[in-house]
Amino acid sequence: MSVPGIVVHRDADVLAKAVAARIITRLVDAQSAKGSASIVLTGGTVGIATLAAIAATPARDAVDWRRLDIWWGDERFVPAGDKERNETGAREALLDHVDVDPARVHVMRGPDSGMTAEESADAYATELRQAARPEDHGPVPSFDVMLLGMGPDSHVASLFPGMPALYDTRPVVAVHGSPKPPPTRISLTLPAIQSSREVWVVAAGEEKSGAVRLALSESGPVQVPAAGARGRGRTLFLLDRAAASKIPPGLGRLASP
């Protein structure tokens, strides 16, 4: 797994715009190299603000949205269209404003599908396996970039400290008893996250600063899940100054606009 790089921006608004620009560049480069690209989306305030920033910039037209596969790192197990769903926020912020191929928007299904949470997780694992190619060397595609938010408790996706999902080697699991509502969720596991070519952890706010410090230390991922958020080729912690305020001085930063 790659060693994390750190990029610090002035505030949450600048962070969202900078991440949006970085996403566009990453997707264009991937499409130029191999014809298509893949991204894993996250929810949360900064995650959705980033998608809105992509929608707002003319540079979004550099991406061939029809040749983009869109996945999610986790989802709340609530019906389609529910405001709690990460999918709903992503559609309102970006996906409804660009020409995506509906067949390449891979949603995690909710209870309105007639599935249990376990069946939904299994169905998503099957979809991932079908999308994986021999060069991916596993049951999950090597996503070009995975976006992850991070909670003050250091959770990423719906992998919360100390919960059984952190020990699971399957690519997708149902999560019950989440400490944040709603209690039932679907989540990629750490092995699936670590299959990505690049993993970007995006965090803003002073309340995240302790978790950022732990995630960049020698902490284990069972107690600090973000410590396991690492990409095969590259890992970035994209932060605002408040979230970066407790990073030890010895850790280098790529930029500090």
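Going by what an unreviewed UniProt entry lists, the protein chain is known as 6-phosphogluconolactonase and is assigned to Nonomuraea rubra. Its UniProt record, at the heading Pathway (unreviewed entry), says of the protein chain: "Carbohydrate degradation; pentose phosphate pathway; D-ribulose 5-phosphate from D-glucose 6-phosphate (oxidative stage): step 2/3." Looking at the Function (unreviewed entry) heading of the UniProt record, one finds this comment for the protein chain: "Hydrolysis of 6-phosphogluconolactone to 6-phosphogluconate."

Asker: Kindly report on the sheet that holds strand β4 (residues 74-76), identifying the contributing residues and their values.
Answerer: Spatial ordering of the open sheet is given by β4-β7-β6, a layout of 3 strands whose pairing is antiparallel. At either margin of the open sheet sits one strand with a lone partner, and together these are β4 and β6 (172-175). Going from strand to strand, the sheet's axes swing by 15° on average, the running direction of each strand aside. One ladder, built from 4 bridges, connects β6 with strand β7 (residues 185-188); its direction is antiparallel. Looking at β7, one finds that V172 is bridged to L188. Running over the sheet, helix α4 (residues 117-131) touches β6 and β7 and is turned about 165° from β6.

Asker: So what about the packing of aromatic side chains? Which residues, and what values?
Answerer: Going through the model one piece at a time under the given rule, you end up with 2 aromatic pairs. One aromatic cluster is present, built from ring pairs that chain together W71, Y124 and F143.

Asker: Talk me through the packing of helix α1 (residues 12-34) against helix α2 (residues 44-56); I want residue IDs and the actual numbers.
Answerer: Orientation of α1 relative to α2, taken along the N-to-C sense of each, is 60°, at an axis distance of 8 Å. Taken as axis vectors, α1 and α2 run oblique relative to one another. Our pair here, α1 against α2, has a crossing hand that is right-handed. Contact residues: L15, A16, K17, V19, A20, I23 and I24 in α1; V46, A49, T50, A53 and I54 in α2. In the contact of α1 with α2, the residues fall into 10 nonpolar, 1 polar and 1 charged.

Asker: Can you lay out the UniProt feature "domain: Glucosamine/galactosamine-6-phosphate isomerase" (unreviewed entry) in the protein chain for me, pointing to particular residues and giving the numbers?
Answerer: Those residues carrying the UniProt feature "domain: Glucosamine/galactosamine-6-phosphate isomerase" (unreviewed entry) are residues 11-235 in this numbering. Helix makes up 31% of residues 11-235 and strand 15%, whereas the separation of the span's terminal C-alpha atoms amounts to 21 Å.

Asker: Account for the side chain of S187, naming residues and giving values.
Answerer: The residue S187 is located in strand β7 in this model. For S187, the side chain forms a polar contact with the main-chain nitrogen of S158, separated by 3.2 Å. Setting aside anything within four residues of it in sequence, one finds S187 in contact with G73, D74, A157, S158, L159, P171, V172, V173 and V175.

Conventions and cut-offs
- Each residue is numbered by its place in its chain's sequence as written, counting from 1.
- In view of the model being predicted, local features appear only for residues whose pLDDT reaches at least 70, and side-chain atom pairs are presented and counted only at 80 or more, with totals across whole chains, interfaces and linings using the full set of residues.
- Side-chain calculation: all heavy atoms of the structure are included, whereas hydrogens and water are not.
- UniProt positions are given in the numbering used here, feature names are shortened, and annotations may be inferred rather than shown by experiment.
- When DSSP locates at least two bridges between a pair of strands, those strands are taken to pair.
- Counting from the N terminus, the helices are the DSSP runs of H or I reaching at least four residues and the strands are the DSSP runs of E reaching at least two.
- In this description, a line fitted to the C-alpha atoms serves as the axis of each element, helices being fitted only across the stretch in contact, and the angle between N-to-C directions of two axes falls anywhere from 0 to 180 degrees.
- We call two residues in contact when some of their heavy atoms are within 4.5 Å.
- Stacked, tilted and edge-to-face are the three classes applied to pairs of Phe, Tyr and Trp rings, where Trp contributes its six-membered ring and a pair requires centres within 6.5 Å; stacked means planes under 30 degrees apart, edge-to-face means over 60, and tilted covers the rest.
- Should an angle fall under 35 degrees it is called roughly parallel, over 145 degrees roughly antiparallel, and 65 to 115 degrees roughly perpendicular, with every other angle called oblique.
- Crossing handedness is read from the near helix: turned anticlockwise from the far helix by less than a right angle, it gives a left-handed crossing, and turned clockwise, a right-handed one.
- Gly is put with the polar residues, along with every residue not named as nonpolar or charged; the nonpolar set is Ala, Val, Leu, Ile, Met, Phe, Trp, Tyr, Cys and Pro, and the charged set is Asp, Glu, Lys and Arg.
- Here a polar contact is taken to be a pair of N or O atoms separated by no more than 3.5 Å, where protein atoms must pair a possible hydrogen donor with a possible acceptor and residues adjacent in sequence count only if both atoms sit in side chains.

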